[in-house]
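Coordinate analysis (summary)
What follows is each chain in one-letter form.
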Amino acid sequence: MKQQLESIRQAAMAALENAATPADLEELRVKLLGKKGELTAVLKQMGKLSAEERPVMGQLANNVRAAIEEKLEQRKTAVHAAVLEAKLAAESIDVTIPGDEIEIGHQHPMNQVLQQIKDIFVGLGYQVVEGPEVELADYNFTRLNIEEGHPSRDRSDTFYFTDDDSVLLRTQTSPMQIRVMENAKPPICILAPGRVFRKDEADATHSPMFHQIEGLVVDENITMGDLKGALISCMRKIYGEDAVMRFRPHHFPFTEPSCEMDMQCHKCHGTGEIDGAVCSTCHGEGWIELLGAGMVHPAVLENCGIDSTKYSGFAFGMGLERMAMGRLKITDLRLIFDNDVRFLNQF
Ligand code: PHE
């Protein structure tokens, strides 16, 4: 039995020394010290020994157990440290490697200009409202005093959804005038930005989808002077205090009188030419058209149940792309919609 115990001790020491993982060690612990382990099996034979041998063997068995336990603990600590060491080496981080730069996006240039215009008019007391892009012909044309047969109603200009031409993609933001006036009593002071759609071939200055910003003010004693004041102060904030503007008479069915507002070309300063050649920005005009405007036609007020003998109003509609092109000095409209980051990153 003595020999048995000695060989258990020797084999155990060697096996423990070679154990490389916590699992190996646990397996050995069960094999050596467990209830069904080798040491227990030997101790079960103690009964066969004589009274003199028993305490001696008992003593020896305890020594062997103690030695194994001690070695087990020692190996546990060592293996644990080795495992940790390996893990740390595998997961090590080189804090001196330069980090990846995270690129943060920014607003699309169109949104930048839209936001600037909104801020200006909100500062003047306007409320920003939005309405549907799929619109009734009744709102887009009829109640705006645009008669049947008017060229802008033509199927070659307007996207219709129905055979009777009653539902369409709005061709302007002016139907928002009707939507606001039929639901609110004066004083009314709103700004309505949004997308509009016309059957135009895309080129440097045309796109079948573009953006307009509609303005509408209705109250007692509103005059053309109020209209000019609002528009001039807006344009000076956008294009600078020294921007030169002019109002030209024009015609819109839903305003009377009507006008268009032009800004003097920022490239050729109104001369229409640069170094003897036609200015490419204004095509030699010297002026850039910015918007249409006018005093709300009395018939339009009445169409919305507003007493045109008591109230008057002005309205304007500006093209956002045109404003952005002037403001950001973009020469081709298509660049705005291509979303090429090389273009967008310039703003
Ligand atoms: N809706 C007109 C257009 O698209 C612009 C406009 C708006 C004119 C409001 C007068 C008043 O050209």
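Bear in mind that the values here come from a model prediction, so they are computed numbers and not experimental data.

1. Brief notes about the packing of aromatic side chains
For the coordinates displayed, the defined rule picks out four aromatic pairs. Grouped by ring-pair contacts, the aromatic residues Phe121, Tyr126 and Phe316 constitute a single cluster. Across the ring face of Tyr139, the terminal group of Arg143 is positioned such that the distance to the ring centre comes to 5.1 Å. Lying over the aromatic face of Tyr139, Arg179 brings its terminal NZ or CZ to 4.4 Å of the ring centre.

2. Observations concerning the pairing of strand β10 (residues 287–296)
For β10, the buried fraction is high: eight of the ten residues fall into the buried class. For β10 and strand β11 (residues 312–319), the ladder comprises five bridges, and the chain directions are antiparallel. For Met295, the partnering residue across the bridge sits in β11 and is Phe314.

3. Here's the deal with the sheet that holds strand β6 (residues 245–252)
Here seven strands make up an open sheet; going across it, the order is β1-β4-β5-β11-β10-β7-β6 and the pairing mixed. Each edge of the open sheet is held by one strand with a lone partner, namely β1 (127–128) and β6. Bridge count for strand β5 (residues 209–219) against β11 is eight bridges, and the pairing is antiparallel. Residue pairing across strands places Val217 opposite Phe314, the latter belonging to β11. Each of β1, β4 (188–197), β5 and β11 is contacted by helix α5 (residues 109–123), which is oriented at about 165 degrees to β4, the strand it contacts most.

4. A closer look at unusual backbone geometry
Note the cis peptide between Pro186 and Pro187, where omega equals 5 degrees. Mapped onto the elements of the fold, Pro187 is located in the loop between α7 (175–181) and β4. Despite not being glycine, Asn145 shows a phi value in the positive range, around 75 degrees. By secondary structure assignment, the location of Asn145 is in the loop between α6 (137–140) and β3 (167–169).

5. Remarks on the site of the ligand
In the vicinity of the ligand there are 14 residues, among which Gln172, Ser174, Arg198, Gln212 and Gly317 approach most closely. For the ligand, a nitrogen atom lies 2.7 Å from a polar atom in the side chain of Gln172. One nitrogen or oxygen atom from the side chain of Ser174 is found 2.9 Å from a nitrogen atom belonging to the ligand. When the ligand is considered free in solution it has 320 Å² of accessible area, and contact with the protein chains removes 90% of it. Here the element with the most residues in the shell around the ligand is β11; it accounts for three residues.

6. Considering the layout of surface pockets
By volume, the second largest pocket is sized at about 250 Å³. In terms of lining residues, the second largest pocket is bounded by 17 residues, among which Asn111, Leu114, Arg195, His211 and Leu320 are the most central. Considering only residue class, the lining of the second largest pocket consists of six nonpolar, seven polar and four charged.

7. Focus: the nonpolar core
One finds Ile117, Met235, Leu291, Phe314, Phe316, Met318 and Met323 to be the most contacted residues of the largest nonpolar core, which totals 40 residues. Those elements that provide at least two residues to this core are α5, β5, α8 (224–239), β7 (255–264), β10, β11, α10 (320–328) and α12 (341–344). Among the elements that line this core, the one with the most residues is α8, at seven residues. Those residues in contact with Leu291, other than ones at most four positions away along the chain, are Leu231, Met235, Cys259, Glu260, Met261, Phe316, Gly317 and Met318. In this structure, Ala137, Leu216, Val300 and Ala315 belong to the second largest nonpolar core, which totals 26 residues.

8. A closer look at the domain arrangement of the chain
Along its sequence, the chain is organised into domain 1 (2–90) and domain 2 (109–344). For domain 1 and domain 2, the distance between their C-alpha centres works out to 91 Å.

The rules behind each value
- Residues numbered from 1 in each chain as written.
- Predicted model: local features only at pLDDT ≥ 70, side-chain atom pairs only at ≥ 80, totals over all residues.
- Heavy atoms only, no water.
- Phe/Tyr/Trp six-rings, centres within 6.5 Å; stacked < 30°, edge-to-face > 60°.
- Lys NZ or Arg CZ within 6 Å of the ring centre and 35° of its normal.
- Buried < 20%, exposed > 50% of the residue type's maximum accessible area, 1.4 Å probe, protein only.
- Helix = DSSP H or I, 4+ residues; strand = E, 2+ residues; numbered from the N terminus.
- Pairing = 2+ DSSP bridges.
- Contact = heavy atoms within 4.5 Å.
- Axes fitted to C-alpha atoms, helices over the stretch in contact; angles between N-to-C directions.
- Near = heavy atom within 4 Å.
- Polar contact = N/O pair within 3.5 Å; in protein donor to acceptor, adjacent residues only side chain to side chain.
- Areas by Shrake-Rupley, 256 points an atom, 1.4 Å probe, with all protein chains shown as cover.
- 1 Å grid on protein atoms, 1.4 Å probe; cavity = no way out; pocket = protein on both sides within 12 Å on 5 of 7 lines; lining within 4 Å.
- Points joined across faces, edges and corners; volume = space filled by probe spheres on them.
- Nonpolar A, V, L, I, M, F, W, Y, C, P; charged D, E, K, R; others polar.
- Core = buried A, V, L, I, M, F, W, Y, C linked by side-chain atoms within 4.5 Å.
- Domains from an automatic or database assignment.

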